[in-house]
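Geometric and topological summary
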Amino acid sequence: MLDCECLLTDEQIIQFITKGYVVLHNELPDQLHAAVRDKINVVLHEEGNPGNNILPRVPEIQQFFETPVVKGALTSVLGPDYYMHPHRHCHYNQPGDPLPGGGQWHKDGYWSSMRSHRPWWAMIFYYMQDITEEMGPTAIMPGTAYYEKFVGDQGETLLPTGKAGTMVLVHFDLWHKASLNVSDMDRYMLKFQFVRLHAPESPSWNHQEKEMSLTGGTPYVHLNLWRDVWNWMRGEPGQGIPTATGGKAQIEQLAEDLKSEDETVRARAADQAGLLGEKAASLAPELARMLNDREPVALNAGYALGQLGSAGIDELIRLISEGTTQIAERAAYGLQGAGAGAVPGLLALLKHANEKRRALAAFALGAMVPSTHEVSSALIACLQDPSDWVRRNAVEALGMMGSEAGDVCQALANVLEQSLLQEGSGTVETDETDFSQQSYILNKMGYTAALSLLRTAKAPDVPLIIHSLEQALHSKDRYVRAYAFETLTHLRTPEAMDVLIRYYRPARWCPDTTKVSTF
C-alpha cells in the first residue's frame, strides 16, 4: 500500500489540471541509470530503435516505474489501478540534429475515439542522465492540453531540467516538441504512456482542500473547465454549484463584455457567467453564439453553458444537433459537466440523422457518471448503428461508465469477436467517415472493445468473454492483443490463467537474444 506522502498534493494536482505537467525526481542509484543508458545506446546503434519493445529489450527500465514516487504520481492522476500502455518509445536526440523528432510542436496521436479533457491518459518523459537545456530536453507548453489548435507565441516554452531520474508527468494532450541539442552529448528520453481504467469515486491524491487555489502561468484562464476536471477527479462530477454571487447589474455587464472586441474580456466574461450558474441563464443564447469564437473563448463558453441549468443544456444540445462539426464537438465537451439534466437530450440525439451528431452524443453520455440502466441500454443499442464511428464511441462510453448492466460485457465481447472476424475477411475498418485518422490502430473497433473489456470485466463475466479474449490474443492489431492479454491478467481466474499460459509459451521474449547472439 502506498504511503500518502508519495501521493501528489492539491497544489501539484491543480498544476497538472491547469498547466498540464508536474516535474518529479526518482532517487535511484546512478549506476542503474548509467547501466540502462549504456544498454539502450548499444541497442540503438547495433539493432535500431526497438519502438514498443524497448521495455522487454531492456527490462531493467521497469525499475524506474516501480518506485513510490512514480506509483504515487500516477495513482494521484489516474487512480490506483492505472495501466502502463503498450506503446512506449525511446527518444534519441543527437547533437547537431536540426530537426530532432521532426522539430514541430505537436500532441501525441491519441488512442480514444476523441481526446478527453479529463485525465483518462497521461505520459511520463523520463531522463536517465543529468539533463540541461543545452542537451535538448523535450519542450512543453504549459496550459495548452485543452487546445486542438496551437497557440504559438501566446504560450510559454518550458525546458524541464534536472539530475538523472528527472521525469515530467504530462497531460496526454499537452503540446510539446524535442528541442535542439546544442551540447556535445547524446540525449536519451523514455516516453511511457499510462491509462486510467475507472472513473474516480474519490480523490486518489493527498487531498486537503475542496476548492482549487489558482496561481496563474497559463495562456488563458478556464475556470469552469478546470473546476469540472477537479470535481471529476474528486469523484463529484457535474456538481454545478455556483461559486460566485452577482445581481442584475453584474449580469448586464457580463452581457456587454461577452460582445467585447477583446478576446480576453470575452473569455473572462464567459467564465464568470458559468460561475454564476443558473442566475446567468439569460446569457445562454450569447454564450451559444460564442462557440464559434476563437478556441480559448469557445472553451469557456461551452463549459459555462454546462453550468447554467436547462437553459445552457438546451443550447448545447441544439448546437450538437445543428452546429458545424467544430461547434458540435465543443458543445459535447461543455455538456460533460452538466450532469444528469443533459441525459434526456443526449439520448434523443442518439437518433439524429447525422452520424457525427449521434457519435458526439455517445461520447458525452460516456462522461455521465454514475450511469443508469437507461443510458447503458441505449448505448448497447448503438452497437447496431450503421456508422463505425458511432459504434466505437458507444463502445468506449460503455467502458468508461463501468459495467452496471449485466449485459455490457457480453455486448462488448460480441463487438470484439465481430471485429476479429472482419480482420480475417479483410473488411475491418472500411468506413471512410472514421474521423479519428488513427492509422497506427489497425482494428479500431476491436481495440476499443478490448480496452472497454479491460475496464469493465470482472471474474463472473469470464464465461461470457473468455472465447473472445482468447481469439483477440491472435489479432492482427498489436494493441488488441495487448489489451486482451492485460484483461486476462486482471481477471486471473483459472480459465484466464490457462489461456495466458498457453499464450506465454510461444510468445516469450528473451532480451539476451540479438543478431550478434542468436543462441
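Heads up: the structure comes first, above all this text.
Note that the structure is predicted; figures quoted are calculated from it, not measured.

**As for the overall build of the protein chain**
- Scanning the protein chain for helices and strands turns up 20 helices and seven strands.
- Scaling as 2.2 N^0.38, a compact globule of 519 residues should have a C-alpha radius of gyration of about 24 Å, and the protein chain matches this with 23 Å.
- Summarising its shape, the C-alpha atoms of the protein chain cover approximately 80 × 55 × 45 Å along the three principal directions.
- Each of the 519 residues in the protein chain was classed as buried or not, and the buried ones make up 57%.
- A fraction of 79% describes how many contacts in the protein chain between residues 6 or more apart in sequence connect residues 24 or more apart.
- Accessible area for the protein chain stands at about 21600 Å²; split by element, carbon and sulfur atoms hold 52% of it.

**A look at the sheet that holds strand E2 (residues 83-93)**
- Sheet architecture is open: five strands sit in the order E1-E5-E3-E7-E2, paired in antiparallel fashion. The strands lining the two open edges of the sheet, one partner per strand, are strand E1 (21-25) and E2. The mean angle between the axes of side-by-side strands here comes to 20 degrees, regardless of whether they run parallel or antiparallel.
- Bridge analysis of E1 against strand E5 (residues 166-171) gives five bridges, and the strand direction is antiparallel. By the bridge assignment, Leu 24 is partnered in E5 with Met 167.
- Sheet strands in contact with helix H1 (residues 10-19) are E1 and E5, and its direction is about 135 degrees off that of E1.

**Observations regarding the packing of helix H5 (residues 223-233) against helix H9 (residues 295-305)**
- Where H5 meets H9, the closest approach of the two axes is 7 Å, and the angle between their N-to-C directions is 55 degrees. Overall, the two elements H5 and H9 adopt an arrangement that is oblique. Residues Asn 224, Leu 225 and Asp 228 of H5 lie in contact with H9, whose contacting residues are Leu 299, Tyr 303 and Ala 304.
- When the residues that make up the contact of H5 with H9 are grouped by side-chain class, the tally is four nonpolar, one polar and one charged.

**What to know about the environment of Arg 266**
- Residue position: Arg 266 is located in helix H7 (residues 263-276).
- The class of Arg 266 is buried, set by a relative accessible area of 11%.
- Counting along the chain gives 32 residues from Arg 266 to Arg 234, while the straight-line C-alpha distance between them is 29 Å.
- Non-local contacts of Arg 266, meaning those with residues more than four positions away in its chain, are made with Asp 257, Leu 258, Ser 260, Glu 261, Met 290, Asp 293 and Val 297.

**Details of the pairing of strand E7 (residues 187-195)**
- By the criterion of burial, E7 is predominantly enclosed, with nine of the nine residues buried.
- On E7, burial covers both faces: Arg 187, Met 189, Lys 191, Gln 193 and Val 195 on one face and Tyr 188, Leu 190, Phe 192 and Phe 194 on the other are all buried.
- Pairing geometry for E2 and E7, over eight bridges, is antiparallel. Residue pairing in the sheet places Asn 93 in a bridge with Arg 187 of E7.
- Bridging between strand E3 (residues 121-127) and E7 involves seven bridges; their strand directions are antiparallel. Within E7, the position partnered with Tyr 127 by the bridge is Met 189.

**Regarding the pairing of E5**
- Burial within E5 is extensive, with six of its six residues counted as buried.
- Inspection of the sheet shows E3 paired to E5 by five bridges, in the antiparallel sense. If you follow Ala 122 over to E5, its bridge partner there is His 171.

**Overview of helix H20 (residues 494-507)**
- Relative to the 20 Å expected for 14 residues at 1.5 Å per residue, H20 spans 20 Å between its end C-alpha atoms, a close match to the ideal helical length.
- Along H20, the residues that are buried comprise Ala 496, Val 499 and Leu 500. Down the axis of H20, the sector holding all buried residues measures 100 degrees, keeping them to one side. Those residues of H20 that are exposed and aimed more than 90 degrees away from the buried face are Pro 494, Arg 505 and Pro 506.

**Thoughts on unusual backbone geometry**
- Located in the positive-phi region is Arg 492, a residue other than glycine, with phi close to 55 degrees.
- Note that Arg 492 resides in the loop between helix H19 (478-491) and H20.

**Some thoughts on the packing of helix H17 (residues 444-456) against H19**
- Taken N-terminus to C-terminus, the directions of H17 and H19 make an angle of 15 degrees; their axes are 9 Å apart at the nearest point. One way to sum up the angle between H17 and H19 is to call them roughly parallel. Handedness of the crossing formed by H17 with H19: left-handed. Where H17 approaches H19, its residues Gly 446, Tyr 447, Ala 450, Leu 451, Leu 453 and Leu 454 are matched on the opposing element by Tyr 479, Val 480, Tyr 483, Ala 484, Glu 486, Thr 487 and His 490.

**Focus on the pattern of salt bridges**
- Tallying each qualifying case throughout the model produces 19 salt bridges.
- Arg 234 is paired through a salt bridge with Glu 236; the nearest N and O atoms lie 3.2 Å apart.
- Exposure remark for Glu 236: the relative accessible area of 29% places this residue in the partly exposed category.
- Among the ionic pairs, Glu 286 bridges to Arg 289, the shortest N-O distance being 2.2 Å. Of the two residues, Glu 286 and Arg 289 are both situated in helix H8 (residues 284-289); the distance of three residues between them amounts to about one turn of the helix.
- Looking at Arg 289, the relative accessible area reads 48%, which means it is partly exposed.

**Here we look at the environment of Tyr 147**
- When you line up the elements, Tyr 147 lands in the loop between strand E4 (138-140) and E5.
- With 241 residues separating them in the primary sequence, Tyr 147 and Asp 388 have C-alpha atoms 26 Å apart.
- Setting aside residues up to four positions removed in sequence, Tyr 147 forms contacts with Lys 107, Trp 175, Tyr 220, His 222, Glu 295, Pro 296 and Leu 299.
- Looking at Tyr 147, its side chain comes within polar contact range of the side chain of His 222, at 2.6 Å.

**Section: the environment of Tyr 479**
- Position of Tyr 479 relative to the elements: it lies in helix H19.
- Sequence separation between Tyr 479 and His 89 is 390 residues; the distance between their C-alpha atoms is 15 Å.
- Setting aside residues up to four positions removed in sequence, Tyr 479 forms contacts with Asn 52, His 85, Pro 86, His 87, Trp 111, Tyr 440 and Tyr 447.
- At a separation of 2.9 Å, a polar atom in the side chain of Tyr 479 contacts the side chain of Asn 52.

How each quantity is defined
Residues numbered from 1 in each chain as written. Predicted model: local features only at pLDDT ≥ 70, side-chain atom pairs only at ≥ 80, totals over all residues. Heavy atoms only, no water. Helix = DSSP H or I, 4+ residues; strand = E, 2+ residues; numbered from the N terminus. Rg over C-alpha atoms; globule rule 2.2 N^0.38 Å. Buried < 20%, exposed > 50% of the residue type's maximum accessible area, 1.4 Å probe, protein only. Contact = heavy atoms within 4.5 Å. Areas by Shrake-Rupley, 256 points an atom, 1.4 Å probe, with all protein chains shown as cover. Pairing = 2+ DSSP bridges. Axes fitted to C-alpha atoms, helices over the stretch in contact; angles between N-to-C directions. Parallel < 35°, antiparallel > 145°, perpendicular 65-115°, else oblique. Nonpolar A, V, L, I, M, F, W, Y, C, P; charged D, E, K, R; others polar. Expected span 1.5 Å × (residues − 1). Arc of directions from axis to C-beta. Left-handed = near helix turned anticlockwise from the far one by under 90°. Salt bridge = Lys/Arg side-chain N within 4 Å of Asp/Glu carboxyl O. Polar contact = N/O pair within 3.5 Å; in protein donor to acceptor, adjacent residues only side chain to side chain.

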